[in-house]
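Chain by chain, the residues:
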Amino acid sequence: MRSSKNRRMATGRRRTSKRTEGLRAWLGLQTFGRPATRMTRNRRMTEEQRQKAAKAYVDPVERKTRNRTVALLMLLAVVNLYVFVWREGTSVLELGAPRAAAIVEHDDRGHGPLGAFAEPPETACGGDPVRIFEGLHDQIHQATALDKGRTLRLALLDLGVAAAEIDALEAALRPTIDLGLVAGTGAPLRLATDRHGAILAVEIEQAEGRLLQACRAGGQAGITVRAIQHPPVSDVVAVHLELGPDADLRAAVVEAGERPELADRIAAALAFEVDLVADARPRDRIDLVIERRFLGKQFHRYGSLLAVRFRGEAGRFAAFRFQTGGGQAAYFDAEGKPVRRTLLRSPLAFHALQPGARAMMPPSVEVVAGRAGALYRRPEGAPVVALGDGVVRSLGEQGDAGLVLELAYEDGVVARCAHLSRTIGDLRPGQPVRQGQLVGLAGHSGKTATDRVRLELWREEHGEATVLDPLLLAAGGDRRPAVVGAPLKGTTLERFKLEIAPWQKALRETPG
């Protein structure tokens, strides 16, 4: 009985095992180390068939490892294609601080996450009866004077305006004024153009309270001219700003009830210590004292920036305007030490940003063909300025680098700006430039798929060139460029401290 019972139990186990094995094979699971395919036990196979079956079988663990390896190789191939071919069009290595990830979106004009700088408006003639530049704060602005015998045409040519644009402007102005009467008078000339070089608005200040203005109207209207004369009035105000969540200086200025162009004045005064495009952070505080000028009851423009103080993540800085014995006005700190340095903090002037683009603004190190440079991601048309006083060394197309401008500065430093969209003004080898002068616009000329400016720096002494850290401008402490000028002393220092005392008090009187 026991033997019969044991035989029945063994038969049941074998049947259960076969059913389980068949179910696992149907689900594609491995069974006892053998392939999970149904096998016919009684089927006879030749040696060739057994070899084919052995080659066809792949262990699942091996298959998974192989698939992961193939996927990793494909990912690395895509990354290399992006870095070395598609993104820059050449062999490029970028180094620098980690940047926040950004979703690359394009606007209706096809521009990337940086947007497009200074798109021309449909009409440049706003409704303000005095402010000819109202609504044009995000365009290209320049200023000069009709001194030393300069005519309007010569002054505009020096600013890089095309001859055809000047012809159209002069034709519109002649019925109103004899242009020969303003030549060589020293009259201030202010100009706004779009990033393509078309004149949008012009203002000639013939005398205090007397203006000649012209602006480009939309459609076929051409250029509109108006002459304005009102009694000039000025006052001095203290303005207190705190940057919001986007660290947008221009937005903070407007929120304080001031005009957008005040942001440019603030950024220019602090340009030796802080780059308010790349270094600005939420809750940074800026206090300033500035002149405001009116024609009658209408606000016209800002006058001199008398004092400014910055307190933020980038540091604490203050600058006070003071006219020395030579008649030249300059900025000094509270102890009478000059704030001007041989080089500015950035080769790009302050300009508007697209929301969410601030994380892309700090420069990074880029190595191209073994040469290190600082990469500034900026939209096409962003203003490029001279870092210091110097001369044009070379200008022209240079292969993959596109349009390149080299400037040699007085302290022996040479700066090379590549991928420009165009240059501004009469720039020829040997032509002098002054610190802060607008010399070009950011672009994507050459072999690059993105809007940018690439800056290389080196120093030439005794016929030898020494490559400088491409992030020298963004450095801090003792690595900063040298200060220009001597501290105020003696009676001059006493007069300076007496003059700035009320401004210091105004800066401290922060509301709230």
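So, here is what we can say about the structure in this document.

What counts as what
- Starting from 1, residues in each chain are numbered consecutively following that chain's sequence as written.
- In keeping with the predicted nature of the model, local features appear solely for residues at pLDDT of at least 70, side-chain atom pairs appear and are counted solely at 80 or more, and the whole-chain, interface and lining totals rest on all residues.
- The basis for every side-chain value is the complete set of heavy atoms in the structure, and neither hydrogens nor water enter the calculation.
- The helix and strand labels rest on DSSP assignments: H or I over at least four residues marks a helix, E over at least two residues marks a strand, and numbering proceeds from the N terminus.
- Only heavy atoms enter the contact rule, under which two residues are in contact if any of them lie within 4.5 Å.
- Methods summary: accessible areas were calculated by the Shrake-Rupley approach with a probe of 1.4 Å, and residue burial reflects only the protein chains presented.
- By definition, disulfides here are pairs of cysteine sulfur atoms that lie within 2.5 Å.
- Here's how the labels work: a residue is buried when its accessible area is under 20% of the maximum for its type, exposed when over 50%, partly exposed in between, all with a 1.4 Å probe on protein chains only.
- Definition used for salt bridges: Asp or Glu carboxyl oxygen within 4 Å of a side-chain nitrogen of Lys or Arg.
- A strand pair is defined by DSSP finding two or more bridges across the two strands.
- Only the contacting stretch of a helix is used when fitting its axis, a line to C-alpha atoms as for every element, and angles between N-to-C directions run 0 to 180 degrees.
- In the analysis that follows, any N or O atom pair within 3.5 Å is treated as a polar contact, provided that within protein one partner can donate a hydrogen and the other can accept it, and provided that, for residues neighboring in sequence, both atoms belong to side chains.
- Two rings from Phe, Tyr or Trp (for Trp, the six-membered ring) form a pair when their centres sit within 6.5 Å of each other. Planes less than 30 degrees apart are called stacked, planes more than 60 degrees apart edge-to-face, and all others tilted.
- By nonpolar core we mean a set of buried residues, namely Ala, Val, Leu, Ile, Met, Phe, Trp, Tyr and Cys, connected to one another through side-chain atoms within 4.5 Å.
- Helix span, as expected, comes to 1.5 Å for every residue beyond the first.
- Fitting axes to the seven residues ending at a residue and to the seven starting there, one defines the bend at that residue as the angle between these axes.

**As for the overall build of the protein chain**
- Within the protein chain, the regular secondary structure consists of eight helices and 21 strands.
- Within the protein chain, residue pairs in contact and separated by at least 24 positions form 64% of the contacts whose partners lie at least 6 positions apart.
- Working note: accessible area of the protein chain is about 28000 Å², and carbon and sulfur atoms make up 54% of it.

**Notes on unusual backbone geometry**
- In this model, lysine 148 sits at a positive phi of 55°, which is unusual for a non-glycine residue.
- Structurally, lysine 148 can be placed in the loop between β2 (140–146) and α4 (152–158).
- One non-glycine residue, alanine 247, adopts positive backbone phi at about 55°.
- Looking at where alanine 247 falls in the secondary structure, it is placed in the loop between β7 (232–242) and α6 (249–255).

**Focus on the state of the cysteines**
- Overall, the coordinates contain one disulfide when judged by the stated rule.
- Across the disulfide from cysteine 125 sits cysteine 215; the S-S distance is 1.9 Å. One quick way to see it: the torsion about the S-S bond of cysteine 125 and cysteine 215 is about 110°, and its sign makes the bridge right-handed. One end of the pair, cysteine 125, is in the loop between β1 (92–95) and β2; the other, cysteine 215, is in strand β5 (residues 210–216), and 90 residues separate them in sequence.
- Judged by relative accessible area, cysteine 125 falls into the partly exposed class, the value being 23%.

**Regarding the pattern of salt bridges**
- Counted by the stated rule, this structure contains 36 salt bridges.
- Between arginine 309 and aspartate 287 there is a salt bridge; the shortest N-O distance is 2.9 Å. In this pair, arginine 309 is assigned in strand β9 (residues 298–312) and aspartate 287 in strand β8 (residues 285–295), connecting sequence segments 22 residues apart.
- For arginine 309, a relative accessible area of 17% gives the class buried.
- Ionic pairing is found between glutamate 460 and arginine 393, a salt bridge with its closest N-O pair at 2.7 Å. One end of the pair, glutamate 460, is in strand β20 (residues 453–461); the other, arginine 393, is in strand β15 (residues 390–397), with 67 residues separating them in the sequence.
- With a relative accessible area of 33%, glutamate 460 lands in the partly exposed category.

**Comments concerning the sheet that holds β5**
- The strand order β2-β3-β4-β5-β6 describes an open sheet built from five strands, whose pairing is antiparallel. Each edge of the open sheet is held by one strand with a lone partner, namely β2 and β6 (223–229). Recorded for the sheet is a direction-independent mean angle of 15° between the axes of neighbouring strands.
- With five bridges joining them, strand β3 (residues 187–193) and strand β4 (residues 199–207) adopt antiparallel strand pairing. Directly across from alanine 192, in β4, lies its bridge partner alanine 201.
- Running over the sheet, helix α5 (residues 163–173) touches β4, β5 and β6 and is turned about 50° from β6.

**Structural notes on the side chain of glutamate 273**
- The residue glutamate 273 is located in the loop between α7 (262–269) and β8 in this model.
- Judged by relative accessible area, which is 17%, glutamate 273 ranks as buried.
- In this structure the side chain of glutamate 273 is engaged in a polar contact, spanning 3.3 Å, whose partner is the side chain of arginine 341.
- Filtering out sequence-adjacent residues up to four positions away, glutamate 273 remains in contact with Phe317, Val339, Arg341, Arg345 and Arg480.

**A look at the packing of aromatic side chains**
- On inspection of all chains with the given rule, the structure shows six aromatic pairs.
- Look at phenylalanine 322 and phenylalanine 496: their rings are 5.3 Å apart centre to centre, the planes differ by 80°, and that puts the pair in the edge-to-face class. In this pair, phenylalanine 322 is assigned in strand β10 (residues 315–323) and phenylalanine 496 in helix α8 (residues 490–508), connecting sequence segments 174 residues apart. Neither residue differs from the other here; phenylalanine 322 and phenylalanine 496 are each classed as buried.
- Ring pairs connect the aromatic residues Phe294, Phe299 and Tyr302, which therefore count as one cluster.

**Things to note about the nonpolar core**
- Ranked by internal contacts, the top residues of the largest apolar core, which has 35 residues, are Leu241, Leu249, Ile266, Leu276, Ile286, Leu288 and Val308.
- Within the residue set of this core, elements represented by two or more residues are β7, α6, α7, β8, β9 and β10.
- Residue contacts for leucine 288: discarding those within four places in its chain leaves Val237, Ala238, Val239, Leu241, Leu262, Ile266, Leu305, Ala307, Val308 and Leu507.
- By size, the runner-up hydrophobic cluster in this structure holds 31 residues, among which are Ala271, Leu344, Leu387 and Ala415.

**Points about the sheet that holds β7**
- Strand order in the open sheet made by the five strands is β7-β8-β9-β10-β11, with antiparallel pairing throughout. The sheet is open, and its two edges are formed by β7 and β11 (329–332), each paired on a single side. The average angle at which neighbouring strand axes cross in this sheet is 25°, direction not considered.
- In terms of strand pairing, β8 meets β9 through 10 bridges, oriented antiparallel. Its bridge partner being in β9, arginine 285 is matched across the sheet by arginine 311.
- Packing against the sheet, α7 makes contact with β7, β8 and β9, and its axis sits at approximately 40° to β9.
- α8 rests against β7, β8, β9, β10 and β11 of the sheet, and its axis sits at about 125° to β10.

**Remarks on α8**
- In this model α8 runs 26 Å from its N-terminal to its C-terminal C-alpha over 19 residues, within 8% of the 27 Å that 1.5 Å per residue would give.
- Of all the bends in α8, the greatest reaches close to 40° and is centred on alanine 501; the proline proline 502 follows between one and four positions later.
- All buried positions along α8 are accounted for by Leu493, Phe496, Ile500, Trp503, Ala506 and Leu507.
- Considering only its buried residues, α8 is in contact with β7, β8, β9, β10 and β11.

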